[in-house]
Amino acid sequence: VDLYLDRRTFIRDMGKGVIGIAVGGLALVACGDAETGSDSTASTDAAPTTGATTTPATQPSPATTRTSTSTTAAAATGALTFERVALGNVSAYLLVRGTEAAIVDTGNPGSAGDIEAALSSVGLGWADVGHVIVTHRHGDHVGSLNAVAEAATDAILGTGAGDIDSITAPRPLEAYEDGASVFGLQVVTTPGHTPGHIAVWDAATSVLVAGDAINGSGSGVAAMVDGVGGPNPQFSPDMAGAIDSVSKMAALQPDTILFGHGDPKLGGAAAALSALADQL
Ligand SMILES: [Zn+2]
């Protein structure tokens with residue numbers, strides 16, 4: 001059975017912070033450096049060379065199509081909610097504070113429409129996207145970066161400093177070092193799967209967006225504890241570094257982990273991740 005062909009049947013789970021449409025049996029497919037192309041080629045003349053400027057938290061959108069109107073001006077300081085955008089073999093995530101959103105990862109090429117639909121499902125649109133963060137350079141995470149960036153014209157783009165030279169985008173990306181603060185999130189450098197891999201951490205809600213530093217599906221991973229899987233050796237050239245990164249994430253004691261591949265771990269993630277780190 002080629003589940004990938006059926007991906008639109010479980011394309012997205014609705015509701016802020018609610019995840020759980022079963023995608024059991026979905027195979028972890030290759031996440032490597034193979035070129036998968038991009039939605040579009042980078043424009044060489046559309047973006048100002050000074051980079052994007054934006055004031056997303058202080059500019060209410062005119063002529064809004066938003067259905068949720070309970071907002072304050074300081075949206076970016078609001079409590080974080082999240083929305084999984086299940087894109088077949090990989091997931092992107094919307095992180096929402098009030099009426100502002102950040103997108104973490106962009107899926108394979110052709111995923112922008114599904115991400116837009118997820119925004120709509122929470123009453124938001126591209127104009128509400130203040131940040132697009134990619135966890136690492138692999139094609140199933142940056143595949144729709146061009147299309148997303150061209151739609152979310154106000155969004156600041158960013159990724160880990162160590163992967164930035166391998167990623168193309170219509171405008172410059174910010175290079176995040178360990179501890180950087182983005183959208184009220186803490187950047188956690190987690191090298192191993194790629195040199196510049198990052199996770200993002202929301203201490204207030206204890207949510208960790210882990211990219212491919214750890215996995216929610218067991219296929220090929222080094223170890224699996226209660227829904228939390230280790231790095232995949234086949235796709236992690238620096239396994240020693242990847243294992244160190246698992247310990248680094250375990251020290252955060254996250255309650256919830258959102259993975260690039262596999263179902264999120266909702267609640268109780270800290271114990272599973274600590275046990276996993278002990279096994280690696
Ligand atoms: Zn990857």
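One structure accompanies this document, and this report is about it.

Cut-offs and rules
Residues numbered from 1 in each chain as written. Predicted model: local features only at pLDDT ≥ 70, side-chain atom pairs only at ≥ 80, totals over all residues. Heavy atoms only, no water. Pairing = 2+ DSSP bridges. Helix = DSSP H or I, 4+ residues; strand = E, 2+ residues; numbered from the N terminus. Axes fitted to C-alpha atoms, helices over the stretch in contact; angles between N-to-C directions. Buried < 20%, exposed > 50% of the residue type's maximum accessible area, 1.4 Å probe, protein only.

1. A short note on the sheet that holds strand 2 (residues 90-97)
What the six strands build is an open sheet, ordered 1-2-3-4-5-6; its pairing is mixed. On the outer flanks of this sheet lie strand 1 (80-87) and strand 6 (174-176), each paired with one strand and no other. Strand after strand, the sheet turns through a mean of 25° between neighbouring axes, direction not considered.

2. Thoughts on the pairing of strand 2
Burial analysis of strand 2 places eight of its eight residues in the buried class, the great majority of the element. Burial of the side chains of strand 2 extends over both faces: Val 90, Ala 92, Leu 94 and Val 96 are buried on one face and Ser 91, Tyr 93, Leu 95 and Arg 97 on the other. Of the pairings in the sheet, the one linking strand 1 to strand 2 comprises eight bridges and is antiparallel in character. Considered in strand 2, the bridge of Phe 82 is made with Leu 95. Counting the residues in the hairpin turn of strand 1 and strand 2 gives two residues, including Gly 88, whose phi is positive at 80°. Of the strand pairs in this sheet, strand 2 and strand 3 (residues 100-104) are connected by five bridges, and their pairing is antiparallel. In the strand pairing of strand 3, Arg 97 is matched with Glu 100. Linking strand 2 back to strand 3 in an antiparallel pair, the connection comprises two residues, with Gly 98 at a positive phi of about 60°.

3. Examining unusual backbone geometry
In most cases, non-glycine residues show a negative phi, while peptide bonds are predominantly trans. A positive phi angle, close to 60°, is found at Ser 206, a residue other than glycine. Mapping Ser 206 onto the fold places it in the loop between strand 9 (198-202) and strand 10 (207-211). Residue Gln 253 is not a glycine yet carries a positive backbone phi of 55°. Mapping Gln 253 onto the fold places it in the loop between helix 4 (239-250) and strand 13 (256-259). For Gln 253, a relative accessible area of 55% translates into the label exposed.

Honestly, it's all geometry; don't read function into it.
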